[in-house]
Amino acid sequence: MTLKLDKIAKYDKDNFFLLAGPCAIEDRELALTIAEKINNLCVKFQIPYIFKGSYRKANRTKADSFTGIGDEKALKILEEVGKTFDIPTVTDIHETKEAELAAAYVDVLQIPAFLCRQTELLEAAAKTGKAVNIKKGQFLSGASMGFAIEKIKSVNPNVQGMLTDRGNSFGYSDLVVDYRNLVDMREFGSPVVMDCTHSLQKPNQTSGVTGGNPKMIGTIAKAAIAVGADGLFLETHPDPANAKSDGANMLHLNNMEQLLVELVRIREAIV
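Our next topic: unusual backbone geometry. At Gln46, a residue that is not glycine, the phi angle is positive and equals roughly 55 degrees. Its location among the elements puts Gln46 in the loop between α1 (28-45) and β2 (49-52). Under the relative-accessibility criterion, Gln46 is labelled partly exposed at 29%. In this structure, Asp86 takes a positive phi of about 55 degrees despite not being glycine. Residue classification places Asp86 among the partly exposed residues on the basis of a relative accessible area of 43%.

Moving on, we get to the layout of surface pockets. With a probe scaled to a water molecule rolled over the atoms, the places where space remains empty come into view. In this structure, the second largest pocket occupies an estimated 270 Å³ of space. Around the second largest pocket sit 17 residues that line it, and Thr2, Leu3, Asp12, Lys13 and Pro48 are the ones nearest its centre. Grouping the constituent residues of the lining of the second largest pocket by class yields nine nonpolar, two polar and six charged.

A word on the side chain of Arg166. For Arg166, the location among the structural elements is in the loop between β6 (161-165) and β7 (168-169). Within the structure, Arg166 has its side chain in polar contact with the backbone oxygen of His198 (distance 3.3 Å). Residues contacting Arg166, with those up to four places away along its chain left out, are Ala113, Lys136, Gln138, Leu175, Met194, Asp195, His198, Ser199 and Gln201.

Tallying each qualifying case throughout the model produces zero aromatic pairs. Here the guanidinium or amino end of Lys135 rests over the ring plane of Phe233, the centre of that ring lying 3.9 Å away.

Time to look at the packing of α1 against helix α8 (residues 256-270). Between α1 and α8, whose axes approach to 11 Å, the crossing angle comes to 25 degrees. Relative to α8, α1 is oriented roughly parallel. Every pair of crossing elements has a handedness; the one defined by α1 and α8 is right-handed. Note on element contacts: α8 touches α1 through Met256, Glu257, Leu260, Val261 and Val264, opposite Ile38, Leu41, Lys44 and Phe45.

Now for the pairing of strand β3 (residues 89-92). The side-chain alternation of β3 yields two buried faces, one formed by Thr89 and Thr91 and the other by Val90 and Asp92. Pairing of β2 with β3 involves two bridges; the strand directions are parallel. Bridge pairing in β3 links Lys52 to Val90. Relative to strand β4 (residues 108-111), β3 runs parallel, the two being bridged by three bridges. Across the sheet, residue Asp92 finds its bridge partner in β4, namely Gln110. Between the parallel elements β3 and β4, the chain passes through helix α3 (residues 96-103) in a crossover that is right-handed.

Applying the stated criterion across every chain, the model contains 14 salt bridges. Salt-bridge contacts for Lys83 lead to Glu79; the nearest nitrogen and oxygen are separated by 3.7 Å. With a gap of four residues between them, Lys83 and Glu79 both fall in helix α2 (residues 71-85), about one helical turn apart. Overall, Lys83 belongs to the exposed group, its relative accessible area being 65%. Overall, Glu79 belongs to the partly exposed group, its relative accessible area being 25%. Note that Asp195 is salt-bridged to Lys135, the shortest N-O span being 2.6 Å. Of this pair, Asp195 sits in strand β9 (residues 192-195) while Lys135 sits in strand β5 (residues 131-135), placing them 60 residues apart in sequence. Each member of the pair, Asp195 together with Lys135, is buried.

Rules used in this analysis
- Residues numbered from 1 in each chain as written.
- Predicted model: local features only at pLDDT ≥ 70, side-chain atom pairs only at ≥ 80, totals over all residues.
- Heavy atoms only, no water.
- Helix = DSSP H or I, 4+ residues; strand = E, 2+ residues; numbered from the N terminus.
- Buried < 20%, exposed > 50% of the residue type's maximum accessible area, 1.4 Å probe, protein only.
- 1 Å grid on protein atoms, 1.4 Å probe; cavity = no way out; pocket = protein on both sides within 12 Å on 5 of 7 lines; lining within 4 Å.
- Points joined across faces, edges and corners; volume = space filled by probe spheres on them.
- Nonpolar A, V, L, I, M, F, W, Y, C, P; charged D, E, K, R; others polar.
- Polar contact = N/O pair within 3.5 Å; in protein donor to acceptor, adjacent residues only side chain to side chain.
- Contact = heavy atoms within 4.5 Å.
- Phe/Tyr/Trp six-rings, centres within 6.5 Å; stacked < 30°, edge-to-face > 60°.
- Lys NZ or Arg CZ within 6 Å of the ring centre and 35° of its normal.
- Axes fitted to C-alpha atoms, helices over the stretch in contact; angles between N-to-C directions.
- Parallel < 35°, antiparallel > 145°, perpendicular 65-115°, else oblique.
- Left-handed = near helix turned anticlockwise from the far one by under 90°.
- Pairing = 2+ DSSP bridges.
- Right-handed = clockwise from strand over helix to strand, strands pointing away.
- Salt bridge = Lys/Arg side-chain N within 4 Å of Asp/Glu carboxyl O.

What follows is the structure, encoded as structure tokens:
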């Protein structure tokens, strides 16, 4: 499925698109550094690119976990990234009141997996006119996500929707990826994305810090392209061990180029 966003029209329409960046906006310099590195690679490989960064992290395990540097400060950094590199940007929203706030700064509003059934949140995002990326809940099947698309289309028939898989709960502290979900979600006529980093989380750790298995990122990404994913979601950082959020399942920024080389080859082989 073709993703309709003005700023990515200049790239190869037959390639997969990429949503990538840090988990959270930690500071201006880091955001610009990551965006520049990935954007240069995406220009080189003709991959449509959307910079990802959460302006605030509302879903944290512990009360003292990092949640952000301030809403307006983080959103202005996202806006600067978009303008500097002429690329679209995406960030999460968690409550209906956040939709208009974030929409003033970014191109895509993302609905977190735990909130994908929240009707008023979905509708508020769609009403802004921005594209909406809905993450599939870890407790849902891909086939059930058609109702989420129906909700955003009911208030804005022209809204660009996306559906993103991020695995399914397997016991209390693991996730597994069922690639049938990508196939099922494509039936709803919206681009389908595989979240290759969050799907490798190890949630509910007794330490209060979510674990991960980043060595499997390439495997998840390659398989997703092979079964027809339209886009990939990757969180990345130049120093994952010291990232302020979700570092345990991030791709090291230095490993991004080789992975993209391999993914482009797979894509070329199947289209």
